[in-house]
Amino acid sequence: MRIDGTRSHDRATELLLAYYAAFNRGDWAGMLELLADDVVHDVNNGPRESGKAAFEAFLGRMARCYRERLDDVVVLVSSDGSRAAAEYVVHGEYRADDEGLPPARGQRYRLPGGAFFDIRGGCIARVTNYYNLQDWLEQVSG
């Protein structure tokens, strides 16, 4: 199916695919361009953060501690393009100690993940990420 960009649903789909493509390239600036200035980020098993500066700090920690690639990305978008969900498989390497987590020794991991989004004015206004932390802990602690 060709996305022609004339429907909100299509534009939201393209937005999220661009977001995940930027993630896989490690293009943090490209990801930030797709976010609303007041973006809300619900970190998996963590606090709710608000604003691009907080999201940029999160990406900095991710870049320091992890190397990840997302495969098998599936995006689902509401008909009006205001809400969306994505499911994917994370392929990663734990490269540097992250606060409150086990020591990093280059452990590799693979786990399913997902996210929910609010989309406003052609930008991502909310990102809520989910993955099974217990599964990840077992993989990096073993």
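A quick note: this is a predicted structure, and the numbers were derived from the prediction, not measured.

1. Re the packing of aromatic side chains
Thought 1: Going through the model one piece at a time under the given rule, you end up with eleven aromatic pairs.
Thought 2: On the basis of an interplanar angle of 75 degrees and a centroid distance of 5.8 Å, the ring pair of Tyr109 and Trp136 is categorised as edge-to-face. One end of the pair, Tyr109, is in strand 5 (residues 107-120); the other, Trp136, is in helix 4 (residues 133-141), and 27 residues separate them in sequence. For the pair Tyr109 and Trp136, a shared accessibility class is recorded, and that class is buried.
Thought 3: Relative to Tyr130, the ring of Phe116 has its centre 5.9 Å away and its plane inclined at 75 degrees; by these criteria the two rings are edge-to-face. Here Tyr130 lies in strand 6 (residues 123-131) and Phe116 lies in strand 5, a separation of 14 residues in the sequence.
Thought 4: Site record: aromatic cluster; members linked through ring pairs are Tyr19, Tyr20, Tyr88 and Phe117.

2. As for the sheet that holds strand 4 (residues 83-94)
Thought 1: Spatially, the six strands line up as an open sheet ordered 2-1-6-5-4-3, and their pairing is mixed. The two strands at the open ends of the sheet, each matched to only one other strand, are strand 2 (48-50) and strand 3 (66-77). If you compare each strand with its neighbour and ignore which way they point, the axes differ by 20 degrees on average.
Thought 2: For strand 4 and strand 5, the ladder comprises twelve bridges, and the chain directions are antiparallel.

3. A look at the pairing of strand 1 (residues 35-42)
Thought 1: Along strand 1, six of the eight residues are buried, which leaves the element largely enclosed by surrounding structure.
Thought 2: Of the strand pairs in this sheet, strand 1 and strand 6 are connected by four bridges, and their pairing is parallel. Within strand 6, the position partnered with Leu35 by the bridge is Ile124.
Thought 3: Relative to strand 2, strand 1 runs antiparallel, the two sharing three bridges. Looking at the pairing, Val40 lines up with Ser50 of strand 2.
Thought 4: Joining the antiparallel neighbours strand 1 and strand 2 is a turn of five residues, in which Asn45 adopts a positive phi near 55 degrees.

4. With respect to unusual backbone geometry
Thought 1: Even without a glycine there, the phi angle at Asn45 is positive, about 55 degrees.
Thought 2: By the element assignment, Asn45 lies in the loop between strand 1 and strand 2.
Thought 3: On the basis of relative accessibility, which here comes to 61%, the residue Asn45 falls in the exposed class.
Thought 4: Unusually for a residue other than glycine, Asp72 sits at a positive phi of about 55 degrees.
Thought 5: Residue position: Asp72 is located in strand 3.
Thought 6: Judged by relative accessible area, Asp72 falls into the exposed class, the value being 57%.

5. Description of the nonpolar core
Thought 1: If you look at the biggest cluster of nonpolar residues, it comprises 37 residues, and the most contacted ones within it are Tyr19, Tyr20, Phe55, Tyr109, Phe117 and Ile124.
Thought 2: Of all the elements, helix 1 (residues 8-25) adds the most residues to this core, at seven residues.
Thought 3: Not counting residues within four places of it along the chain, the set of residues in contact with Ile124 comprises Leu15, Leu16, Tyr19, Leu34, Leu35, Ala36, Val39, Phe117 and Asp118.

Rules of the game
- Residues numbered from 1 in each chain as written.
- Predicted model: local features only at pLDDT ≥ 70, side-chain atom pairs only at ≥ 80, totals over all residues.
- Heavy atoms only, no water.
- Phe/Tyr/Trp six-rings, centres within 6.5 Å; stacked < 30°, edge-to-face > 60°.
- Helix = DSSP H or I, 4+ residues; strand = E, 2+ residues; numbered from the N terminus.
- Buried < 20%, exposed > 50% of the residue type's maximum accessible area, 1.4 Å probe, protein only.
- Pairing = 2+ DSSP bridges.
- Axes fitted to C-alpha atoms, helices over the stretch in contact; angles between N-to-C directions.
- Core = buried A, V, L, I, M, F, W, Y, C linked by side-chain atoms within 4.5 Å.
- Contact = heavy atoms within 4.5 Å.

Without other data, these values stay purely geometric and don't point to any function.
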